[in-house]
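Spelled out from the first residue to the last, the chains are:
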Amino acid sequence: VDNIYVPEVFFTNNCLTGENVVKSTRLLGDLDGVFQDKDAFEQMDRDRIIYQVSSFLPVVENTPGGLFMGITLLYPGKVGQEFFMTKGHFHTNSNRAEFYWGVEGEGMLILMDEQRNVWAERMFPGSLHYIPGKVAHRVANIGYQKLVFSACWPSDAGHDYATIAAEGFARSLMDVNGVPTLL
Ligand code: PAN
Ligand code: ZN
């Protein structure tokens, strides 16, 4: 997939070269098991693009003291009544924190601590979110347009997807009569 969203600002920063930009695409089929409504999921096109991430990795993964930055484009849509969202993860180095900030569109940052308490913060252009260590994070697009947000995290954070794949989040963000609601 070539038409990934990359704002021009990244090309004006001379520390970023083609070699340290990593792009990835998540299709609906990559999110098997993530959404609550299995019947609705099975009826949808597994090849549909749900989100794309461009990550800027100026140092080697796991370097202590470095920073990574990424920009995520999350398309609008729902599986049943549940908004399209990212997989979500804890950091492997569990105490590593992260900043997210909203660039375009409307979203909800869904957070869960190790005791499985879940809460959410509204994302919008210019919104800034501090994600403490030991807090799993995922983003849902609650609007009708694309949602774009950026992230900055330590280069030795790592991504633990397995815990969320196995246990999920304790609450899901559903469209309840037009109102995004954590259930
Ligand atoms: C972000 C996320 C990105 C995609 O850069 O990796 O938004 O979400 P998933 O990784 O959960 O699929 C981040 O949190 N980095 O640490
Ligand atoms: Zn993260």
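Residues numbered from 1 in each chain as written. Chains lettered and ligands numbered in written order. Predicted model: local features only at pLDDT ≥ 70, side-chain atom pairs only at ≥ 80, totals over all residues. Heavy atoms only, no water.

Draft legend 1. Layout of the coordination of the zinc ion (ligand 2). The coordination sphere of the zinc ion (ligand 2) contains the protein donors His89 (NE2), His91 (NE2), Glu98 (OE) and His137 (NE2), at a distance range of 2.1 to 2.3 Å. Considering all six donor atoms around the zinc ion (ligand 2), the spread of angles at the metal, 72 to 172 degrees, places the coordination shape in the octahedral class. In primary sequence terms, the donor set of the zinc ion (ligand 2) follows H-x1-H-x6-E-x38-H. For His89, a relative accessible area of 8% translates into the label buried. We classify Glu98 as buried; its relative accessible area is 4%. (Donors = N, O, S within 2.8 Å, 3.2 Å for Na, K, Ca; no water. Tetrahedral: all angles 85-135°; square planar, octahedral: opposite > 155°, others 65-115°. Buried < 20%, exposed > 50% of the residue type's maximum accessible area, 1.4 Å probe, protein only.)

Draft legend 2. Layout of the environment of Val139. The topology assignment puts Val139 in strand β11 (residues 135-141). Residues Val139 and Met108, 31 residues apart in the sequence, show an inter-C-alpha distance of 5.7 Å. Residues within four places of Val139 in sequence aside, it is in contact with Leu74, Phe84, Met85, Thr86, Tyr100, Met108, Leu109, Met123, Leu147 and Phe149. (Helix = DSSP H or I, 4+ residues; strand = E, 2+ residues; numbered from the N terminus. Contact = heavy atoms within 4.5 Å.)

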